[in-house]
Amino acid sequence: MQIADNCVVSFHYTLTNDAGEVVDSSAGREPLSYLHGLGHIVPGLENALAGRSVGDAFRVDVPAAEGYGERHDGLTQVVPKQAFQGVDALEVGMQFQARGPSGVMSVVITAIEGDEVTVDGNHPLAGQDLHFDVEITEVRAATADELAHGHAHGPGGHDH
Ligand code: ZN
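Because the structure is a prediction, the values reported are computed rather than measured.

Analysis parameters
- Residues numbered from 1 in each chain as written.
- Predicted model: local features only at pLDDT ≥ 70, side-chain atom pairs only at ≥ 80, totals over all residues.
- Heavy atoms only, no water.
- Core = buried A, V, L, I, M, F, W, Y, C linked by side-chain atoms within 4.5 Å.
- Buried < 20%, exposed > 50% of the residue type's maximum accessible area, 1.4 Å probe, protein only.
- Contact = heavy atoms within 4.5 Å.
- Domains from an automatic or database assignment.
- Helix = DSSP H or I, 4+ residues; strand = E, 2+ residues; numbered from the N terminus.
- Salt bridge = Lys/Arg side-chain N within 4 Å of Asp/Glu carboxyl O.
- Pairing = 2+ DSSP bridges.
- Phe/Tyr/Trp six-rings, centres within 6.5 Å; stacked < 30°, edge-to-face > 60°.
- Lys NZ or Arg CZ within 6 Å of the ring centre and 35° of its normal.

Engineer: When you look at the nonpolar core in this model, what are you seeing that I'm missing?
Structural biologist: Generally speaking, nonpolar side chains in soluble globular proteins are found buried as a group. Ranked by internal contacts, the top residues of the largest apolar core, which has 20 residues, are Phe 11, Leu 45, Leu 49, Phe 132, Val 134 and Ile 136. Those residues in contact with Phe 11, other than ones at most four positions away along the chain, are Ser 26, Pro 31, Leu 32, Tyr 34, Leu 45, Leu 49, Val 134, Glu 135, Ile 136 and Thr 137. Formed by nine residues, the second largest nonpolar core is a distinct cluster that contains Val 79, Met 105, Ile 109 and Val 119.

Following this line, the structure appears as structure tokens:
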């Protein structure tokens, strides 16, 4: 069976950046499962998986624009320390949920200078080319439940 819309696909992956560092990997975990054709995974990877079959192992190079998108400077802002009342020790790298133009978004502190805290709402992988090593472990037709819900269900069946 070849991967097409309305297939549930399971695959192992290792994601590396341009520097060759492993950013994420399914090694040692269950493979990632998703319902193909709905944009649940980054577009460049989803497009590369279309037409593939179980057992295929290959590398996909995804430019940033087809990955997590380009970085947007507008998603970086400087806020006063008082905005973080209740947080004892602010540190670079801390993540917070913040209200943004398109709903709640995750921001990370990228700099702290005096009373000014710089937060960045870009996805940590925005602006980066992505390199996936992929091995497809399962391709099957989605069940009626999965199609109705718009996502893949795990091997244990419906769990939510
Ligand atoms: Zn469901």
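Engineer: Explain the domain arrangement of the protein to me, please; I cannot follow it from the model alone.
Structural biologist: Reports often express the size of an interface as the amount of accessible area lost when the parts come together. The assigned domain composition of the protein is domain 1 (7-68 + 125-149) and domain 2 (74-120). Of note, the centres of domain 1 and domain 2, computed from C-alpha atoms alone, are 31 Å apart.

Engineer: Looking at this structure, how should I read the environment of Gln 128?
Structural biologist: Relative to the helices and strands, Gln 128 resides in the loop between β8 (116-120) and β9 (130-141). Residue classification places Gln 128 among the partly exposed positions, given a relative accessible area of 27%. The spacing of Gln 128 and Pro 63 is 65 residues in sequence and 7.2 Å in space, taken between C-alpha atoms. What Gln 128 contacts, discounting residues up to four positions off in sequence, is Asn 17 and Ala 64.

Engineer: Looking at this structure, how should I read the pattern of salt bridges?
Structural biologist: Per the counting criterion, the structure on display carries five salt bridges. When the shortest N-O distance is used, the salt bridge between Asp 61 and Arg 59 registers 3.6 Å. A relative accessible area of 45% places Arg 59 in the partly exposed class. Between Glu 146 and Arg 140 there is a salt bridge, with its nearest N and O atoms 2.9 Å apart. Classification of Glu 146 by relative accessible area gives buried; the value is 1%. A single network of salt bridges, built from pairs that share partners, joins Arg 59, Asp 61 and Asp 133.

Engineer: Teacher, can you tell me more about the pairing of β8 here?
Structural biologist: Each regular strand shows side chains that alternate between the opposite faces of the sheet. Most of β8 is tucked away, with four of its five residues classed as buried. With five bridges joining them, strand β5 (residues 76-80) and β8 adopt antiparallel strand pairing. Residue pairing for β8: Pro 80 is matched across the bridge by Glu 116. Sheet topology places strand β7 (residues 103-113) next to β8; five bridges connect them, and they run antiparallel. Residue pairing across strands places Val 108 opposite Asp 120, the latter belonging to β8. In this structure, the hairpin formed by β7 and β8 is closed by a connection of two residues, where Gly 114 is found at a positive phi of approximately 60°.

Engineer: When you look at the packing of aromatic side chains in this model, what are you seeing that I'm missing?
Structural biologist: In this description, an aromatic ring pair is defined by two values, namely the gap between the centres and the angle between the planes. This model, assessed by the stated rule, comprises three aromatic pairs. Pairing Phe 11 with Tyr 34 gives two aromatic rings, centres 5.9 Å apart and planes at 90°, and the pair type is edge-to-face. Residue Phe 11 is found in strand β1 (residues 7-16), and its partner Tyr 34 is found in strand β3 (residues 32-35); the two are separated by 23 residues along the sequence. Per residue, the accessibility class of Phe 11 equals that of Tyr 34, and both read buried. Put simply, the rings of Phe 11, Tyr 13 and Tyr 34 touch in pairs and so form one group of aromatic residues. Looking at Arg 52, its charged tip hangs above the ring of Phe 58, at a distance of 3.7 Å from the centre.

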